[in-house]
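Working through the structure, step by step
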Amino acid sequence: METAASPGPEPDSGVEPAGEPLQLGMEEEYESEGEEETKLDPEQEAEISLAEHEYEEFDTESDVEVPGDEKSDFIREEIVDSTGLKRLSYSERVQVQKRQRNLKELEIHFQQKDRKVQKIREEFKECCRRIETLEKEKEKVEEDIQEQQTANNNAALFRLRAQHRRLCEELRVEEDLQSKIDLTLQANECELFKVELEYAKLTRLREEHKQDEEGYEAQRLLEAKRRLEAEEAAILQARTRKPMKDVEKQKLEHRKAVEDAKKYNQKSIQYLKESLARTRQEEADKELKMREDLEKRMQVILALKNNIAMSRGSLRVIQANKSAQAAAEKQKKLSASVHPESGSFLQHKFQQKRLKEFEKKKQAFTEEQKTLKAEIMAKLLREESNMEKKKRVYPVLFPETPKSHDDSSEVWNLRKKLLHYIDTPEDEKDINTSDQEWRSPSQTSNDEPVAEQIQDTSTQDVSDHEEEEESLNLPEFSGLWNKEHKLSKDETIIKHLGAGTSKMEQEILVRQLEKQRSGIVQKQVAAGREFKGCPFYSKPDIIHFQNFDVGQIYTKKAKLINASYGLTSCQLIAISDCLKDFVEVEFKPPGQISAGMSCEMAVTFKPLVNEDFEGEIIFRTHIGSFAIPLKCTTKKCDLVVDQQVVDFGCHTIGEIITRNITLTNRGARSTYFQFVKFHPKQSIVGEELNEFIIPAEKDLFDLEQIIQTDVKVGEIMEDEIGPFSSTKLPIIFVPIIPGKLRTDLEIMFADPGSENIRIETRAEAVDVPVWLSNPNKDLKICMYDRLYQDSICAHSRASTALQLKFEVCEELRNHLELLPKTGYIQAHSHFSFQLKFVPRKSLPEDAKQYFNANTRVLEAPMSILVANQTKTIPFTVHAIVTSSDFDISPQMIDFGYCTIYEAVWTTIKLTNKSILSQEYGFVDTPEYIDVQPNDGFGVLLPLETVNIDIIFKAKQAEEYAFKLICKSEINRKFKISCKAVGVFPPLKLSHSVIHFAATALNDTSTVTIYVENSNTSQNPHPAQRIGKGAIVPVGPASFEFVVPEYSYLTIAPAGGTVMPGEKCIVHLTFKPTLPDLLVQEEAVRILWRAAETERIWEKRDSDSTSKSLDFSNKKKPQLKHKDVNQLNLSSSKLPVKETSSKSDSSLFELPNPTDVPLDSDDYNTALAALLRNFKEEFHSFVIPCFITHRTTDHKESGYLPYSINNTLYLEVNCPTAAQPIILISGNKQNVVDFGAIAVEQRVLKKIEIQNISPSTLDLKSSVMDPGGPFELLNSLRSLQPGATHNLIFSFSPAKSKLFYEPLEIRSVKGNLSLILTGCGIDPLVICSVESVLDVGYVLANQSRTVTFQLQNATILNVMFSVKLDSLSYSKHREQQVLPAFVTPHKISGSLVGTQNYRDQSVFSVSPIEGSIGPMQSQEFEVTFSPDHESLYYSDCMQVELFDKVAHTIQLKGAAREHLMFVEGGDPITVPVESLSILPSYDVADVPRILKSVLLILKSTKSDDKLTTALEEFHVGCIQSTLANAKKSVEFTIDSPQALQMKGFTFDPVKAMVEAGTTKAVTVSWTPPSGHDPFQIISATVKMSIKGDITENYQIILTAMVVST
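Structure report, in brief. (Residues numbered from 1 in each chain as written. Predicted model: local features only at pLDDT ≥ 70, side-chain atom pairs only at ≥ 80, totals over all residues. Heavy atoms only, no water.)

Here the focus is the overall build of the protein chain. Counting secondary structure elements, the protein chain contains 20 helices and 80 strands. Classification of the 1604 residues of the protein chain by burial places 34% in the buried group. Sequence-distant contacts, at least 24 apart, represent 73% of the contacts inside the protein chain between residues at least 6 apart. Total accessible area computed for the protein chain in this model is approximately 100,000 Å², and 51% of it derives from carbon and sulfur atoms. (Helix = DSSP H or I, 4+ residues; strand = E, 2+ residues; numbered from the N terminus. Buried < 20%, exposed > 50% of the residue type's maximum accessible area, 1.4 Å probe, protein only. Contact = heavy atoms within 4.5 Å. Areas by Shrake-Rupley, 256 points an atom, 1.4 Å probe, with all protein chains shown as cover.)

Printed below as a string of C-alpha cells:
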C-alpha cells in the first residue's frame, strides 16, 4: 500500500472529532455583539446531521484505522481494490465527511450573518430617515421661533423653545444610535466577508473530491465492461467445444425431418387438388339449380298475378257472403244467449264445450297461416339475397335497366300484394266496393327495407287499373301555379310606397325603419347585469271568462307588476283580431313605474256568439313587448264518476249484492245520459254494403264472458243530470255460476263534447260455505329463532255450525303450528285461529320442497278440513326468512404504538347479513376508546355495510388489551379483540392540528408552533417511555418534519435539537399555486376550442357558398316512386358529406401539454382563465415529525438512533380561495419587467389590476425601498367588483446592475404579489474619431464634408445630441482670457479658434440629435465652410448621450484663397489669428508678402559618427468645386546647388501636384567633413509655386549637431 502525505485541515476550518458538540472553527471571529449566541440552532444541527448521513457511505471491506491523533495531519491512504483501481481510504472519507459538516455549518452561519446584515442596514436607513425628519422639524421650529420673537408672543415662544429642546435631544439620541448602528454594520460586514472566504475554500475542496469520485466510478464501470466482455468470450468459446458426435446426430435428425416434410407436402397437395375439384363441381351444380329455381319462381309469381286478377271479383262476393253469414250467426248466438233469469246449467255446459272446440280450430288455423306466411317470406328473402350475390359475382349477366319500367317492379308489386293478403287474416280483411275509397299508392323507394315496404302495402289498394288511372291524372311535376307567391322585402316596400318611388328613397325608408325599431327597444342594464325576460307580470296570469252567456257583460280587473330592474313604462299596443269585436280594455298609461310597483287595467267582455275565444293583449315597453293571455269559454259539461272499477268481492251463489257509483257534473251545462252494458263494436248495415267491420279476435270469441255476465244495471238507466249536480247509479250482482266474473258497463251522454265513461265490474261466485278472508297469509320477513304470531279468520255462509280441523305438513311441524287444531264455526259467523312460526336454523334442510335457499322465500301450503265435505280449504303461508347476524371485519384490531398526545384510529366494516334493518350499538367502551359516527350507535339497512371508526387515545405509556362489544336490537353480542401500546415521546408539539386561514392563490399564510422538551426530571411521573420499555433519560432530543410533495407547505426549520426544558419555534408557510401541467392542459383546451370555432366558421362559409350555387335547384319537382335514378343520385352524395366531415375533424392536431412554453402567451392566457374561474379548494395533510433522543455517549457520526414509535403527527388543513386581485396580461410570477435602460434615466410603466371578487376591496401596498430605483407614482383606491385600476411605476437605476424588489398589493381577502425588476446599463458608444478631426485645406467661400461614426455597443436604444462650443451661450465668457502663447504655463479650456466673419458657423454637424439602435451605428457629417483665409479654424464638438457628455472632439481646418498651400516645418508664428482684418491684395502691381517655412535639422553624434538629419514639408493643391478652376500646381526650388556645399539636399526640387493631393519635399542634412559640432549652420532658399497665381516661399534651414 502506497501512502502519500496530504495537508491536514485548515486551522480555522472548524474540524472537530466526531461526537463533540457542534462549534465553528472561526467562532471568535464570527461572534456578534450584545447577547447574540454563536451556537447553532437545534434545527440547523439537525440539518447538518441529515446532510452528513446522506454523504456517509462506508465500505467495510476497505476500512483502515487511522493512526495517531485525530487533530494531527492525517495520512492519505490509497486503497487498491480487486479491479486495480484506487479509491479513497477510510481516513480520507472521514476527513471529507467532516469537511462537508463544516461546509454546512458555514453555509448556515453565512445565511444568519447575511440576514443580520440586511436587518442592520434597514435599521440604518430608517435611522437616517428619522434624522432627516427631525432636522426638518428643527428648522421649521427655529423659523417659528424667529417669527414669534418678532411678534413678541411669549407663550408661543416658550412652547416652541421647549419643542426645540425636545427635538435637539431626540436628534442627539438618533445620531448616537446611527453611529452605533454604523459600527455594528461594519463589524458584521467584516465577519460576513470572512465567512464567505472560508466557505469558498471548503467549496473548492468539495468540488475536487467530487471530481475524484466521478473518475473512480467511471474507471469501475469501464473495468466492469471489460470483465463482461471477457466472460461472454469465455462462454462463446465453451459453446464451440461441443463433441462432434452431437453435431453428426443433429445433422441426421435434420435430414430425416426434411424428407418427412417433403412426403407430407406431396400428400397434402394431392388431397388439396381433389378437395378443390369437388368444391368447384358443387358450386357449379348449386349455381345451375339456383337458376332453375329462379325461373320456376318467376313463372309461379306471374301465374299468381293472373289468377289474382281473374278471381278478384269472385273473391269479394265470397268474402261478403261469409261475412254476412258470420254476422247472422253471431246475432243468433247473442239473441239466444242465456238471460240473467234463466239458470240452465246443462245449456251453460254445452255452450262452454262448443266454444272450446271452436277456439281450438281457430288457433290451429291461425298457426297454419303464420307458418305459411313465414315460409313464403323466407323463400322470398332467400331468393332476393341469392340474386344480389349473383349480381355481385356475375355483373355481366345482369345489365342495369331503369327500375321504373322493367318487369321486376311488377313482380315486386305482386309480391307486396301477395304478402298483404297473406298477412291479413281472412276474417279481418276489409272489402270496399266503392270507387271513392281507393287510394293511390304512397311514395316509397326501392332502397327501403322489405319489412317497411310490406308494412306500407297494408294500407294500399289491390287494384292495378285504378292505380294507373290515378297516377296518370297527377302531373309529372308541380308548377308555379300551385304555390303561393311570397313578396320579397323589396316588393313589400314598393307595394307600400307605390311604383313611382326611386331606389334611393326605398333605401332611405329602410334605414329609417331600422333606426326606429332599434330606438323602440333598448337594453336595461343595472349593476352590470342586463335584464332579460318579461318586463311586466300580470295578476292573474291568465284573464279567463268562464261559462258566459250571450248578451251579458262581464268585467275583470288585472294588475300589471313591474318585474324589471328600474323605471319602466308600458303602453297598450293591440288586441288579438278574434277578440276585437267582443273585448274592450280600459288602461290608462301610468307613466314611469318603479321596480316592484303595479298598475291596474279593466277588461270588459261582451259575448255576441256562443263560441270559445282565445287571444292575448299586447303591451310594449322601452325594453321589449309582452302579452297577457285572454280566454273566453262557453258553458260545457264536465262529467266524472267516483270510481271506474267496482269490485263486488267473493259471494255465494244465490245472493244479491248491490253497489252504487256516483256520477257528477262539474260543468255548467246539463245533459242526458244512458247507463247500459258496454258493446265493443257494432255492425252497420245500410242499403248497400259499403263497409263491413268484423269484430276482433278478442271480442268475437269471448262468448264465455258474455254467458257468465251476471251483473246488470239497476233501476236508473236513463236520466238527465243538471249543472253542478250528481246522481247515484246502482249496479246489481246476482251470482249464478261459480267462478270469477268481469263485466264492462258504459255511460253514454247526449252532449257531443262529452266522452263515454266505462265502468269495470269484478266479482267472484263460490259454492263453498266456509271461506277465508285472506287465503294467502304473508308473514313478511322473519328472523331465525324468533317467534312470529298471526291470526287467521274463517267465515261461514252455512246456516248450521261446522267442525273445522287445521293441518300442517309434516316437514314444517318443527317450525310452524296452528292453534287450536280443531274448532267449530257457528252459522253465518267467523272463527279465528292462531298461527305460530319459529324458524329454526334447520329450516333449509327440513323443508327443501317449500323453502328456496337462494331467495330465502318460504311457501308453506296449509289446509282446513270441513266436516262432511270432501273438498278442503287450502291456504298458504308466505314468509321470507333471514339471518340476524352481524359480520365484523376485522375481528382483531392492533392499534400499534400511539403517543399520548394524539389519537390512532382504524376503520372496521360492520355488515348486516339480514334483509331487515337492524339497530346496533357499542356498549361498555373504555374511556380511552371512542367509536364514531354517532358514538357507535346507528341503524344498518338490509345487507348494508358501514365503516365505523374506532379511535384509541392512550392516557399513559403502557400496554393495552381489551374487547369491544357490539349489541344488536335483539340483544345479540358481537365482540372485537383490541390491543395497543401507549407511548410517551420525549418531545411534544404545541398544536397537533393547524387550520390555515383561507389563502388566495399566490398568497402566503404563516403559522407558528413550538416543539417542547419537557423532560427535566430524572424520575418523572408519568415516565417518558414506549409501553413498558426503558425510561427516556434527561437530555436533548432532535426532531425532523417530512413535508409531503406538492403540498405547497414549507417548514422552517424542518429539523433541530431541543434541550431539556426549552422550546423550539417552528414556522409553517402555506403558499398555494396552480401546477404548471394544469395550466398547460388548459392552454391546449383553449387552442382546441379556437381551432374548432375557426373550423365551424369555415364550414358555415363553405355551406353558404354551396347553398348559393344550388339555389336554382331548390324549385325542382318532388321525387315520385318511379324516379329511381334521381333517388340514387341523391343517395350517392351522402357519403361525400360524411367523408368531408371526417376530414375536417382531423385538420387540427392537439399539441402535447408539456410542449407549451411557460413564458408563452398561450400559457399566460390559460393562467388568467384558470385564475378567473378558480373555485375554492380544501386540502388536508398529515406531516410526520420524527424524534430521536440524543445522548452524550453516542460517538459515531451519521444518523442518530431513533424509534419510529416516537413519531408525532401534525395535521394541517389548508383551504385555498380564489385570488381577489389579478394582474391583467400577467405571467405566473407576476413579474413587472422594465427591461434594460440607461443609468440615471427614468422609465414609466403602467400595469392594470382587476378585482375579480364579488365584493369591494380597499387596496394598500407594502413599503418600498425609499433608496431603491422603483417608485409607485399613483395612489391606490377602492375597487368595485369587476373594476380595474392602473398602477404607474417608475424605474431610475443609479448603477449598472440588475435590480429586484417585491411589492404586495394588499386587501382584506388576499394579497397580490408583484415582482419589480429592471436592469441598469451604462451606455457604451464607440467613436471612429479619437479626439481631433482635421478637415484639411479648403478654398475660402467653399466647403468640404467629412464623416465619422458612432457605434452603439449596448443593447439599449441610445439617445444622442451633438453640440458645438462655438454655438454655446458661454462662448464669449470663456474666450475672455489671455492667449495660450502669452500664458504658456496655463492650459486653456476653450478649443474654439478662428471663426467666420459672417454669422454662419464655420463648422456644422448633421444630424444633431436622434437615437442609435442596439448594436447599430450612426454616421455623422461635418461640413467645413470658411469665408476667409486662415490656418487656425477650430471648434469643439461634444457628443452627449442621455444629456451627458460622452465624447469631446476638436474640429480643425484651414482655408486659402488660392489653390496652393505649404504645410509642415517648425512654427515661427503664434497659432492665433489677429483681431484686425488684413487687407486683400488682388492688384498685380502690389508686391506680396514673402511667406517663410522654418526647418530645423538635428544630426545625432554617436561614437564619433554623425548621422544624417531629415525633415520634410508638404506642398499641396486644393481641389476646387468650380468647374473652370485649375487642376494642378507646380513648385520649384531655386538654386538648390548652392546649399549642397553646406550639406543640404532637397528631394524633389521640382514637381507637379494634382488637385486634392499633397507632395512631400524631403530635406536632408549631412554634416560636411570637418564640421564643428558646436556650430549652427543656417541657410535660406526660395521656392515658387505656380497655380492660379504664383506664390514665393522662403525656406529657412537651421542645422545643428546634438549628442545622445
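Let's shift gears to the pairing of strand 40 (residues 959-968). Relative to strand 40, strand 36 (residues 918-923) runs antiparallel, the two being bridged by four bridges. Looking at strand 40, one finds that Tyr920 is bridged to Ser968. As defined by bridge partners, strand 40 adjoins strand 41 (residues 973-983) across nine bridges and the pair is classed as antiparallel. Looking across to strand 41, one finds that Glu959 is bridged to Val981. (Pairing = 2+ DSSP bridges.)

Taken together, Glu132, Glu135, Glu139, Glu142, Glu143, Glu147 and Glu175 make up a surface patch of like negative charges. Considering every element that reaches the negative patch, the biggest residue donor is helix 3 (residues 90-151), with six residues. Structurally, Glu143 can be placed in helix 3. Take Glu143: its relative accessible area is 51%, and that puts it in the exposed class. (Patch = residues over 30% accessible without salt bridge, like charges linked within 9 Å, V, L, I, M, F, W, Y side chains within 5 Å. Salt bridge = Lys/Arg side-chain N within 4 Å of Asp/Glu carboxyl O. Lys, Arg positive; Asp, Glu negative; His and termini not counted. Charge placed at Lys NZ, Arg CZ, Asp CG, Glu CD.)

Another aspect to go through is the packing of aromatic side chains. On inspection of all chains with the given rule, the structure shows 31 aromatic pairs. Arranged with centres 5.4 Å apart and planes meeting at 40°, the rings of Phe886 and Phe974 form a pair that is tilted. Of this pair, Phe886 sits in strand 33 (residues 886-889) while Phe974 sits in strand 41; the two residues are 88 residues apart in sequence, bridging distant segments of the chain. For the pair shown, Phe886 and Phe974 are each scored as buried. Look at Phe1360 and Phe1420: their rings are 5.2 Å apart centre to centre, the planes differ by 80°, and that puts the pair in the edge-to-face class. One end of the pair, Phe1360, is in strand 65 (residues 1358-1364); the other, Phe1420, is in strand 68 (residues 1417-1424), with 60 residues separating them in the sequence. On the accessibility criterion, Phe1360 (5% relative accessible area) is buried. Here the aromatic cluster, defined as three or more aromatic residues joined through ring pairs, consists of Phe895, Tyr928, Phe952, Tyr960 and Phe962. Above the ring of Phe545, the side-chain terminus of Lys556 is found at 5.5 Å from the ring centroid. Lying over the aromatic face of Tyr1010, Lys1063 brings its terminal NZ or CZ to 5.7 Å of the ring centre. (Phe/Tyr/Trp six-rings, centres within 6.5 Å; stacked < 30°, edge-to-face > 60°. Lys NZ or Arg CZ within 6 Å of the ring centre and 35° of its normal.)

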